[in-house]
Amino acid sequence: EAQVTQNPRYLITVTGKKLTVTCSQNMNHEYMSWYRQDPGLGLRQIYYSMNVEVTDKGDVPEGYKVSRKEKRNFPLILESPSPNQTSLYFCASSSRGSGSTDTQYFGPGTRLTVL
Amino acid sequence: RKEVEQDPGPFNVPEGATVAFNCTYSNSASQSFFWYRQDCRKEPKLLMSVYSSGNEDGRFTAQLNRASQYISLLIRDSKLSDSATYLCVVRNSGYSTLTFGKGTMLLVSP
């Protein structure tokens, strides 16, 4: 089954404790991305990756890191989480298409609470 | 001006009603347009792409007006299962970076 998986699905942590949210896709997609979703602000892109070893900042990259060592995985790293990073996080992937064929598939989401 | 703006909602409609969602985008160079559906606390899922000529998928019709930078979604004969948040989504250039509207919530009641 074609899918994007994220782990963990739920996490409660404390300020300053490093954490990693994993993302994996089995569709051989080149493009992967991380978003956060907050009430009243909608989905905002954090980082994206066009391919292995190619990453770039989205709209809200501060406080986050990513890596893309393998095509299927795109982990999101919070080196020193703060309460303002409490949010619902989504990973997404798509093929490097253009036009309307480039459907973006989302993972199930990770609900993070930083105390 | 925000990049993608949608009706704030929520829209409360009875079953069987026709409901229309509107969306405007600010970047005239935008290339691709989509409507996504998001159920409460779940991931967004593609509902339909929006083509310049307009397109229909069952009870759903999407329209694009590039001159006015306006996108619409029409849902006919609303079902209870249509209750969700509808996200207007635009891709501005090149590959796959998407810009999302904040979404409009639809509540269909019996």
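The structure this text deals with has already been given above.
Quick look at the structure, then. (Residues numbered from 1 in each chain as written. Chains lettered and ligands numbered in written order. Predicted model: local features only at pLDDT ≥ 70, side-chain atom pairs only at ≥ 80, totals over all residues. Heavy atoms only, no water.)

**Considerations on the interface of chain A and chain B**
How big an interface is tends to be stated in terms of the accessible area lost upon association of its parts.
Logical step 1: Taken together, the contacts link 25 residues of chain A with 20 residues of chain B.
Logical step 2: For the pair chain A and chain B, the summed buried area comes to about 1800 Å², and 52% of that belongs to carbon and sulfur atoms.
Logical step 3: The tally of links from chain A across to chain B stands at three residue pairs in polar contact (both at pLDDT 80 or more).
Logical step 4: Elements with a contribution of two residues or more to the side of chain A that touches chain B: strand S4 (31–38), strand S5 (42–51) and strand S9 (87–94) of chain A.
Logical step 5: Ranked by residue count, the leading element in the side of chain A that touches chain B is S5 of chain A, at five residues.
Logical step 6: Looking at the side of chain A that touches chain B residue by residue, the class counts come to nine nonpolar, 13 polar and three charged. (Contact = heavy atoms within 4.5 Å. Buried area = accessible area lost by both parts, 1.4 Å probe. Polar contact = N/O pair within 3.5 Å; in protein donor to acceptor, adjacent residues only side chain to side chain. Helix = DSSP H or I, 4+ residues; strand = E, 2+ residues; numbered from the N terminus. Nonpolar A, V, L, I, M, F, W, Y, C, P; charged D, E, K, R; others polar.)

**So, unusual backbone geometry**
Logical step 1: In this structure, Pro8 of chain A follows Asn7 of chain A across a cis peptide bond, with omega equal to -5°.
Logical step 2: Counting through the fold element by element, Pro8 of chain A comes out in the loop between strand S1 (4–7) and strand S2 (10–13).
Logical step 3: We note that Asn28 of chain A has phi near 60°; this positive angle belongs to a residue other than glycine.
Logical step 4: Structurally, the position occupied by Asn28 of chain A is in the loop between strand S3 (19–25) and S4.
Logical step 5: Looking at Asn28 of chain A, the relative accessible area reads 54%, which means it is exposed.
Logical step 6: If you check the backbone angles, Asp77 of chain B has positive phi at about 50° while not being a glycine.
Logical step 7: Residue position: Asp77 of chain B is located in the loop between strand S8 (70–75) and strand S9 (84–91).
Logical step 8: For Asp77 of chain B, a relative accessible area of 36% corresponds to the partly exposed category. (Buried < 20%, exposed > 50% of the residue type's maximum accessible area, 1.4 Å probe, protein only.)

**Some remarks on the nonpolar core**
Residues and elements named next belong to chain B.
Logical step 1: Counting 23 residues, the largest nonpolar core has Phe21, Trp35, Ile71, Leu73, Ile75, Tyr86 and Leu106 as the members making the most contacts within it.
Logical step 2: Those elements that place two or more of their residues in this core are strand S3 (19–25), strand S4 (32–38), strand S5 (45–50), strand S7 (60–65), S8, S9 and strand S11 (104–109).
Logical step 3: Contacts of Leu73, omitting those with residues within four sequence positions, involve Val19, Ala20, Phe21, Trp35, Leu47, Met48, Phe60, Thr61 and Tyr86. (Core = buried A, V, L, I, M, F, W, Y, C linked by side-chain atoms within 4.5 Å.)

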